[in-house]
Amino acid sequence: MEQHKNIAEMEIVVEQKHHEFLTENTDFEMRSLDATCFNESELKHPWWHNLKYAFVGLLFGILFVKAEVVSWFRIQEMFRLQSFHMYGIIGSAVAVGIISVWLIKKFKIKTIYGEPIEFVDKKFNKGQIYGGLLFGLGWAVTGACPGPLFAQIGSGATVIAVTLLSAITGTWVYGKFREYLPH
Amino acid sequence: MSLIEFIKQLWPWYVAGPLIGLTVPTLLIIGNKTFGISSSLRHICAACLPAKIPFFNYDWKKEVWNLFFVAGILVGGFIAFLLLQNPDPMIVNPNLSAELATYGITNYNSLVPTEVFNWGSLFTLRGFIMMVAGGFLVGFGTRYAGGCTSGHAIMGLSALQWPSLVATISFMVGGFIMANLLLPFILKL
């Protein structure tokens with residue numbers, strides 16, 4: 001009984017710290033979104049709990065390939081307004097996402113571990129425009145955003161490993177020169 | 001038609017889209033994770049070469065779920081390729097195939113045009129721009145924008161975040177400029 005009480009108190013403290021953190025720290029890109037909050041509790045779980053994310057990723061990868069979301073050709077069709085396929089996918093994914101998030105908020109649905117699900121507001125900065133444009137250029141030329149890069153490699157286009165390595169380099173260079181870039 | 005043949009066909013948008021959307025609540029419910037893929041590239045930097053850069057100085061091990069997730073995507077791509085591959089070539093808009101034929105792209109058996117994306121053409125100007133420079137833009141741009149198609153267009157819009165709408169519109173503008181104005185010149189190289 002005593003032990004249960006302590007755990008409950010600890011959870012309240014973690015929640016409070018988390019809340020303070022969210023309200024004080026506004027440079028969300030500087031920290032990693034999860035680094036100091038939700039994953040505090042994740043540490044209680046052994047590493048193999050992460051396999052559930054690998055499983056979701058696996059289904060996601062199959063979906064990516066079978067719906068040809070990772071196809072260079074489908075991306076070209078999208079940006080030339082020659083097919084509805086990609087617009088249908090993104091549009092219906094967002095619609096389902098909006099309804100899901102609304103339901104989670106409305107019914108205060110908790111995680112399988114009983115933690116409340118919390119959403120962090122994104123803060124606007126000019127990087128979303130400049131970076132967004134640069135990513136758009138890269139998306140149309142490689143036919144892949146970061147997720148599809150992994151699926152393309154898996155589906156046998158081994159040379160895309162070079163593209164992935166280059167994308168990692170791009171991320172690193174951004175991190176290195178971040179303070180000199182307009183945000 | 002057997003079930004496996006049925007699965008091997010192109011999955012229509014009204015099946016794939018809602019399933020992608022369901023990833024958002026799934027990740028939230030199984031561990032309070034916000035859907036996002038491009039952060040994995042940052043975690044790889046933080047794990048392999050943080051180089052005392054503040055942006056990469058955080059405990060990446062706490063973010064390891066994201067690396068498991070992308071590893072899953074890679075394996076999923078492999079399974080789909082190995083077991084569920086569509087035996088027929090991809091059918092694309094005739095206008096696109098006519099245009100691509102003028103650049104020597106006629107093979108529709110792979111997810112990427114093998115005439116451009118292959119090891120041999122990595123060091124040609126066209127191959128270098130499309131694979132290496134393109135990849136760099138993807139990695140640099142997504143981090144600068146604070147997310148990619150999954151983090152902004154799917155997760156951000158699902159949570160009704162207007163900065164994500166700005167980012168998504170920017171992605172699309174960049175894509176339209178590249179595909180229609182710049183890519184024809186690059187493909188001609």
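Keep in mind that this is a model prediction, so the values were computed, not measured.

## Quick word on the overall build of chain A
Each helix and strand in chain A was counted, giving eight helices and zero strands. For chain A, the α and β elements follow one another from N to C terminus as α-α-α-α-α-α-α-α. Across the 183 residues of chain A, 55% fall into the buried class. Sequence separation of 24 or more characterises 46% of the internal contacts of chain A that already satisfy a separation of 6 or more. Just so you have it, chain A exposes about 8700 Å², and 67% of that area is on carbon and sulfur atoms.

## Let's talk about the interface of chain B and chain A
Taken together, the 130 residues of chain B in the interface contact 121 residues of chain A. Of the roughly 11000 Å² buried between chain B and chain A on both sides combined, carbon and sulfur atoms contribute 75%. Of all residues in chain B, the largest losses of buried area upon contact with chain A belong to Asn32, Leu111 and Tyr144 of chain B, amounting jointly to 8% of the total for that side. Taken together, the links from chain B to chain A amount to one salt bridge. Across the pair Glu99 of chain B and Arg80 of chain A runs a salt bridge, and its minimum N-O distance is 3.0 Å.

## Considering the side chain of Ser150 of chain B
Residue and element names in this part refer to chain B. Within the fold, Ser150 resides in helix 7 (residues 149-158). At a separation of 3.1 Å, a polar atom in the side chain of Ser150 contacts the main-chain amide nitrogen of Ile37. Not counting chain neighbours up to four residues away, the residues in contact with Ser150 comprise Phe35, Gly36, Ile37 and Met155.

## Here's the deal with a nonpolar patch on the surface
The grouping of Leu165, Ile169, Val173, Ile177, Leu181 and Leu182 of chain B at the surface amounts to a nonpolar patch, some 490 Å² of accessible area in total. Within the secondary structure layout, Ile169 of chain B lies in helix 8 (residues 162-188).

## Quick notes on the pattern of salt bridges
Residues and elements named next belong to chain A. The full count for this structure, using the stated rule, is three salt bridges over all chains. A salt bridge links Glu77 to Arg74; the shortest N-O distance between them is 2.9 Å. Of this pair, Glu77 and Arg74 both sit in helix 4 (residues 72-79), three residues apart, which is roughly one turn of that helix. Taking relative accessible area as the criterion, Arg74 reaches 6% and is therefore assigned buried. The network of salt bridges with shared partners includes Glu68, Arg74 and Glu77.

## A short note on helix 4 (residues 64-83) of chain B
An α-helical segment advances 3.6 residues per turn. Residues three or four places apart therefore align on the same side. In this model, helix 4 of chain B (20 residues) spans 28 Å end to end at C-alpha, consistent with the 28 Å of a helix rising 1.5 Å per residue. Restricting attention to buried positions, one finds in helix 4 of chain B the residues Val64, Trp65, Asn66, Leu67, Phe69, Val70, Gly72, Ile73, Gly76, Gly77 and Ala80 of chain B.

## Examining the packing of helix 6 (residues 125-145) of chain B against helix 8 of chain B
Helix packing for two helices is described by the angle between their axes and how far apart those axes are. Residues and elements named next belong to chain B. Packing of helix 6 against helix 8 leaves a shortest axis separation of 13 Å and a crossing angle of 165°. By the angle class used here, helix 6 and helix 8 are roughly antiparallel. In terms of crossing hand, the pair formed by helix 6 and helix 8 is right-handed. Side by side, helix 6 and helix 8 meet where Arg126, Ile129, Met130 and Ala145 of the first sit next to Phe171, Leu183, Ile186 and Leu187 of the second. Here the contact of helix 6 with helix 8 is composed, by residue class, of seven nonpolar, no polar and one charged.

Rules of the game
- Residues numbered from 1 in each chain as written.
- Chains lettered and ligands numbered in written order.
- Predicted model: local features only at pLDDT ≥ 70, side-chain atom pairs only at ≥ 80, totals over all residues.
- Heavy atoms only, no water.
- Helix = DSSP H or I, 4+ residues; strand = E, 2+ residues; numbered from the N terminus.
- Buried < 20%, exposed > 50% of the residue type's maximum accessible area, 1.4 Å probe, protein only.
- Contact = heavy atoms within 4.5 Å.
- Areas by Shrake-Rupley, 256 points an atom, 1.4 Å probe, with all protein chains shown as cover.
- Buried area = accessible area lost by both parts, 1.4 Å probe.
- Salt bridge = Lys/Arg side-chain N within 4 Å of Asp/Glu carboxyl O.
- Polar contact = N/O pair within 3.5 Å; in protein donor to acceptor, adjacent residues only side chain to side chain.
- Patch = residues over 30% accessible without salt bridge, like charges linked within 9 Å, V, L, I, M, F, W, Y side chains within 5 Å.
- Expected span 1.5 Å × (residues − 1).
- Axes fitted to C-alpha atoms, helices over the stretch in contact; angles between N-to-C directions.
- Parallel < 35°, antiparallel > 145°, perpendicular 65-115°, else oblique.
- Left-handed = near helix turned anticlockwise from the far one by under 90°.
- Nonpolar A, V, L, I, M, F, W, Y, C, P; charged D, E, K, R; others polar.

Geometric descriptors of this kind do not, in isolation, establish any biological role.
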